[in-house]
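Spelled out from the first residue to the last, the chains are:
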Amino acid sequence: YSITARIRTRSDGTILSRTSPGDSWIKGGRTLFIRGGRLCFDIGWVGAVTSRAVVNDGKWHDVAMSWNSKLQKVTLTVDGTESGTGTLADTFNVSKPVVRIGFTNPDFPRGSSFFDGDLQDVRFYQQKFPLERNKDDSATVGKPLAEWTLTEASGELVKDASGNGHDGLVQRGTSNSSSTQESL
């Protein structure tokens, strides 16, 4: 599967996670996040893959993560360029998982649980995403299984633009930056 997002931040924090509804990071949880300024994909108690490129420079970045479960290969892409690869074997089954945008758990990633910046959109595909993200990516890789355009969130709801009904509830955290805008 693949996850893509358009982000702008000067901080660390989660882009998208699949974890338990509880307050602790769990074995087998999966999260795409920023740590030390670099894009990371982590499978709880298995390991993490980190990009070479820095993405917390306050500029817009198109980021992507593809995971091939058969080959156990993770590929991270920043602005259309491959920026990190690694092997992660997922042997854990998460019972009753939840998907979260902009948040993993209160205790992960440490010190920056919420995404602090701008998340324009997040997409989830059931297949590998190509290295370059085109404006009309649906024509090249098929329709996303879920697509959230966060700039169009209305009140406490963010609609799934894919039409598959994966609408989300907005839960805001407080910002660690000097801006007065709340984190999403």
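Above this text sits the structure in question.
Residues numbered from 1 in each chain as written. Predicted model: local features only at pLDDT ≥ 70, side-chain atom pairs only at ≥ 80, totals over all residues. Heavy atoms only, no water.

*Asks:* Hey, could you run me through the sheet that holds strand β11 (residues 146-149) in this one?
*Replies:* Strand pairing within a sheet occurs via backbone hydrogen bonds; the two strands may be parallel or antiparallel. One open sheet holds the six strands; their spatial order is β8-β7-β6-β1-β10-β11, and the pairing between them is antiparallel. Each edge of the open sheet is held by one strand with a lone partner, namely β8 (81-87) and β11. With strand direction ignored, the average angle separating the axes of adjacent strands in the sheet is 15°. (Pairing = 2+ DSSP bridges. Helix = DSSP H or I, 4+ residues; strand = E, 2+ residues; numbered from the N terminus. Axes fitted to C-alpha atoms, helices over the stretch in contact; angles between N-to-C directions.)

*Asks:* In this structure, what is going on with the packing of aromatic side chains? I would like to understand it.
*Replies:* Aromatic ring pairs are described here by two measures, namely the spacing of the ring centres and the angle between the planes. Tallying each qualifying case throughout the model produces five aromatic pairs. Judged by centre distance (4.5 Å) and plane angle (25°), the ring pair of F103 and F114 falls under stacked. Taken as a pair, F103 in the loop between β9 (98-101) and β10 (117-125) and F114 in the loop between β9 and β10 lie far apart in primary sequence, 11 residues in all. Owing to a relative accessible area of 26%, F114 belongs among the partly exposed residues under this scheme. Here the aromatic residues Y1, W67 and F124 are joined through ring pairs into a cluster of three or more. (Phe/Tyr/Trp six-rings, centres within 6.5 Å; stacked < 30°, edge-to-face > 60°. Buried < 20%, exposed > 50% of the residue type's maximum accessible area, 1.4 Å probe, protein only.)

*Asks:* What is the right way to look at the sheet that holds strand β5 (residues 47-54) in this model?
*Replies:* Strand order in the open sheet formed by five strands is β5-β4-β3-β2-β9, with antiparallel pairing between adjacent strands. Two strands close off the open sheet at either side, each with one partner strand: β5 and β9. Ignoring which end each strand starts from, the neighbouring axes of this sheet average 15° apart. Strand direction decides the pairing type here: strand β2 (residues 13-19) and strand β3 (residues 30-35), joined by five bridges, are antiparallel. If you follow R18 over to β3, its bridge partner there is R30.

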